[in-house]
Amino acid sequence: MSAFEKIYEQVKKIPRGKVATYGQIAMLAGNPRWSRVVGYALHSNPDPDNIPCYRVVDRMGRLSSAFVFGGINRQAELLRADGVEVCDDNTVKLDKFLWNGL
């Protein structure tokens, strides 16, 4: 299984109403140094309908200004539709919405 496939498998596990960080997905995919690789994988997501890359945020809870599937506003829309509160500064409160990875 390729690194991207491992990453996609973990991203698919993020439940509705939760987010994960790039570093968290990297760790779950098997290599804690893959945070940037996670970003590359999500940027080339082959199946955004089934791989919810919009649920991945940075370690501070910030949304991606380079969200490839419609920009930062689209990522915020998708998260809100999932029940995740997005603050005016395009961040998510990780203490409330961070997935525990189980």
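Residues numbered from 1 in each chain as written. Predicted model: local features only at pLDDT ≥ 70, side-chain atom pairs only at ≥ 80, totals over all residues. Heavy atoms only, no water.

Caption draft 1: View of the environment of Val-37. Following the sequence through the fold, Val-37 ends up in helix H3 (residues 35–43). The exposure class assigned to Val-37 is partly exposed, which follows from its relative accessible area of 24%. In contact with Val-37, other than residues within four places in its own chain, are Ala-3, Phe-4 and Ile-7. (Helix = DSSP H or I, 4+ residues; strand = E, 2+ residues; numbered from the N terminus. Buried < 20%, exposed > 50% of the residue type's maximum accessible area, 1.4 Å probe, protein only. Contact = heavy atoms within 4.5 Å.)

Caption draft 2: Representation of the nonpolar core. Membership of the largest hydrophobic core comes to 29 residues, with the highest contact counts inside it found for Ile-7, Val-11, Val-19, Ile-25, Leu-79 and Val-92. When residues of this core are traced back to their parent elements, those giving at least two are helix H1 (3–11), helix H2 (22–29), H3, strand S2 (56–57), helix H4 (71–82) and helix H5 (94–97). Setting aside residues no more than four positions away along its own chain, Val-11 makes contact with Ile-25, Leu-42, Ile-51, Pro-52, Cys-53 and Val-56. (Core = buried A, V, L, I, M, F, W, Y, C linked by side-chain atoms within 4.5 Å.)

Caption draft 3: Looking closely at the packing of H1 against H3. Contact geometry of H1 with H3 gives a least axis separation of 10 Å together with a crossing angle of 80 degrees. In terms of orientation, H1 and H3 fall into the roughly perpendicular class. Where H1 abuts H3, its residues Ala-3, Phe-4, Ile-7, Tyr-8 and Val-11 lie against Val-37, Val-38, Tyr-40, Ala-41 and Leu-42. (Axes fitted to C-alpha atoms, helices over the stretch in contact; angles between N-to-C directions. Parallel < 35°, antiparallel > 145°, perpendicular 65-115°, else oblique.)

Caption draft 4: Main features of H2. Listed as buried for H2 are Gln-24, Ile-25, Ala-26 and Ala-29. Following H2 by one or two positions, Gly-30 adopts a phi angle in the positive range, close to 115 degrees.

Caption draft 5: Structural context of the environment of Asp-88. Relative to the elements of secondary structure, Asp-88 occurs in the loop between H4 and H5. Linking Asp-88 and Ala-76, residues twelve residues apart in sequence, is a C-alpha distance of 10.0 Å.

Caption draft 6: Structural context of the packing of aromatic side chains. Overall, the coordinates contain two aromatic pairs when judged by the stated rule. With 6.2 Å between their ring centres and 70 degrees between their planes, Phe-4 and Tyr-8 make a pair best called edge-to-face. Linking Phe-4 with Tyr-8, this pair stays in helix H1, spanning four residues, or about one helical turn. For Phe-4, a relative accessible area of 30% translates into the label partly exposed. For Tyr-8, a relative accessible area of 9% puts it in the buried group. Arranged with centres 5.9 Å apart and planes meeting at 70 degrees, the rings of Phe-67 and Phe-69 form a pair that is edge-to-face. (Phe/Tyr/Trp six-rings, centres within 6.5 Å; stacked < 30°, edge-to-face > 60°.)

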